[in-house]
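Each chain, letter by letter, is given below.
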Amino acid sequence: MKVTARSAVLKLHVNLRVAPLTALLLLGGAALVPLGRASAQTGGTQTAGTTTPRLAQAQGSVEFLGASGTWAPGSAPGTELNTSLRTGTGRAELKSGAGQIVVGSASRLRRYLDEADLLDGRFFLRGPVAVHVQGTHVVMEGAGQMRVDLSGRATRRVAVLQGQARLSLNGKLVTVRAAQQVDLDSGKVTAFREQDPWYASQYRGLGDANIEATRGQVRVDRAGQSRVAVIGDALDPGVTLNTAAGAWAEVGFTGGGYLRLNEQSELNVLAVERTERGREVLLKLSRGTAWNVVQKGQGGYRLDTPVVSTAVRGTVFRVDASGVVKVFEGQVALPGEGDQPVSAGQQRAEAGGVGTLQLDALDRFNQSLDAERARPSRWTCRPGSCRCRT
């Protein structure tokens, strides 16, 4: 019977419980230094090792999944990752062998084959380190830095900042070098220029996202309970904001700027961090349209949809859950599409591709509301909120 390279890798992976990349390298011959479990036996050059990840530091909301299937806060240094870990608004730092894994807000990982398996959210890693990324084995030998961004189907990538990393994708060994990124769906390696170094700003605590204005039927859902939204409502992680036909709501953030949720739309605030440089905002638009006015110089702002992810640091833009992105000021990067830039006067079409901006009635409606908001006589404001009096 003919044995393919892929089947041999899978056999080693299942029978010997070694990671796929380790198996692939073992099959590659003595010229390759085995990684993971095998590297601990060979000595010589510094490699990632297989030390089970342990908590080094926790800030904000960090939880571990217990044996009973319930989540509980965890902050004790040295706590071993036995099952799963998740963050709300907060960050966790894990030690894995000689390496480090920084877990951003609204992220989740688990233990798999004695390594961390990154499942959702955003992560920053320092080598030497070995992890899985949604089941894909990734190894960085020696010193280096990389980041992992995972957001549903919209973004699944590994980007190397320093050094190089190797991945096992569909039985093939892929090398990613500094200033490169790999799309985990296509396996395509492209150039990478970082737009949003969220990990470079120290976490200072929980930021704010508050309802500043409403019109029509607007509701907030919290823990299965739904009620009418009112000015000043805090949109904490886990709270959903919904607008009915003809309705809209505005949400203001720590550091300034706002999002206007247009009619028949749904928004989740995943996290708002206060940082030494301002703030980091993470949002999810499940349906409808969001109009965004982001203050410059206040830190990062990321809005994900089921189709596309956007990352900005100061601009005016519109996002539809269907994948449309329109930019009126500044520039928006699309992390799931190789950080494709969309500049002022451009738009991403629903089917993909960037072209000339085409205004429609909804754009003009939002521009008129922005103009109204800029008139003090039309708004009554107090610290943290504004009420439209028209």
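Our subject is the structure that appears above.
Everything quoted here is computed from the prediction, not taken from an experiment. (Residues numbered from 1 in each chain as written. Predicted model: local features only at pLDDT ≥ 70, side-chain atom pairs only at ≥ 80, totals over all residues. Heavy atoms only, no water.)

Visitor: How should I be thinking about the overall build of the protein in this particular structure?
Guide: When helices and strands are counted, the protein shows 4 helices and 32 strands. Expressed as a percentage of the 390 residues in the protein, the buried residues total 51%. A total of about 16600 Å² of accessible surface is found on the protein, and carbon and sulfur atoms cover 48% of it. (Helix = DSSP H or I, 4+ residues; strand = E, 2+ residues; numbered from the N terminus. Buried < 20%, exposed > 50% of the residue type's maximum accessible area, 1.4 Å probe, protein only. Areas by Shrake-Rupley, 256 points an atom, 1.4 Å probe, with all protein chains shown as cover.)

Visitor: Would you mind going over helix α4 (residues 361–373) with me for this structure?
Guide: Every α-helix winds through 3.6 residues per turn, so residues three or four apart in the chain are directed the same way. Its 13 residues place the ends of α4 18 Å apart at the C-alpha level, agreeing with the 18 Å of an ideal helix rising 1.5 Å per residue. Looking at α4, one finds that the buried residues are D363, N366, L369, D370, E372 and R373. The backbone nitrogen of L362 has a side-chain oxygen 3.1 Å away, supplied by the residue at the start of α4, namely D360. (Expected span 1.5 Å × (residues − 1). Polar contact = N/O pair within 3.5 Å; in protein donor to acceptor, adjacent residues only side chain to side chain.)

Visitor: Got a minute to help me understand the pairing of strand β10 (residues 172–177) in this structure?
Guide: Pairing between strand β9 (residues 164–169) and β10: 6 bridges, direction antiparallel. For L169, the partnering residue across the bridge sits in β10 and is K172. Hairpin connection between β9 and β10: a loop of 2 residues separates the two successive antiparallel strands, and N170 in this loop has a positive phi of roughly 55°. (Pairing = 2+ DSSP bridges.)

Visitor: What exactly am I supposed to notice about the sheet that holds strand β30 (residues 354–356) here?
Guide: By way of backbone hydrogen bonds, the strands of a sheet pair with one another, either parallel or antiparallel. As summarised here, the arrangement of the 8 strands in space is β14-β18-β19-β22-β25-β26-β29-β30, forming an open sheet in which the pairing is antiparallel. The strands lining the two open edges of the sheet, one partner per strand, are β14 (209–215) and β30. Strand-to-strand twist in this sheet, taken as the mean axis angle between neighbours without regard to direction, amounts to 20°. Taken together, the 4 bridges between strand β19 (residues 258–261) and strand β22 (residues 289–294) define a ladder with antiparallel strand orientation. (Axes fitted to C-alpha atoms, helices over the stretch in contact; angles between N-to-C directions.)

Visitor: Looking at this structure, how should I read the nonpolar core?
Guide: Here is a general trend for soluble globular proteins: nonpolar side chains tend to be buried in one another's company. By size, the foremost hydrophobic cluster in this structure holds 34 residues, and its most contacted members are L235, L241, F253, L259, L283, Y301 and F317. What L235 contacts, discounting residues up to four positions off in sequence, is A209, I211, V220, L241, V251 and V269. In terms of nonpolar packing, the next biggest core, distinct from the first, is built from 31 residues, V103, V160, A165 and L169 among them. (Core = buried A, V, L, I, M, F, W, Y, C linked by side-chain atoms within 4.5 Å. Contact = heavy atoms within 4.5 Å.)

The analysis is restricted to geometry; functional conclusions fall outside its scope.
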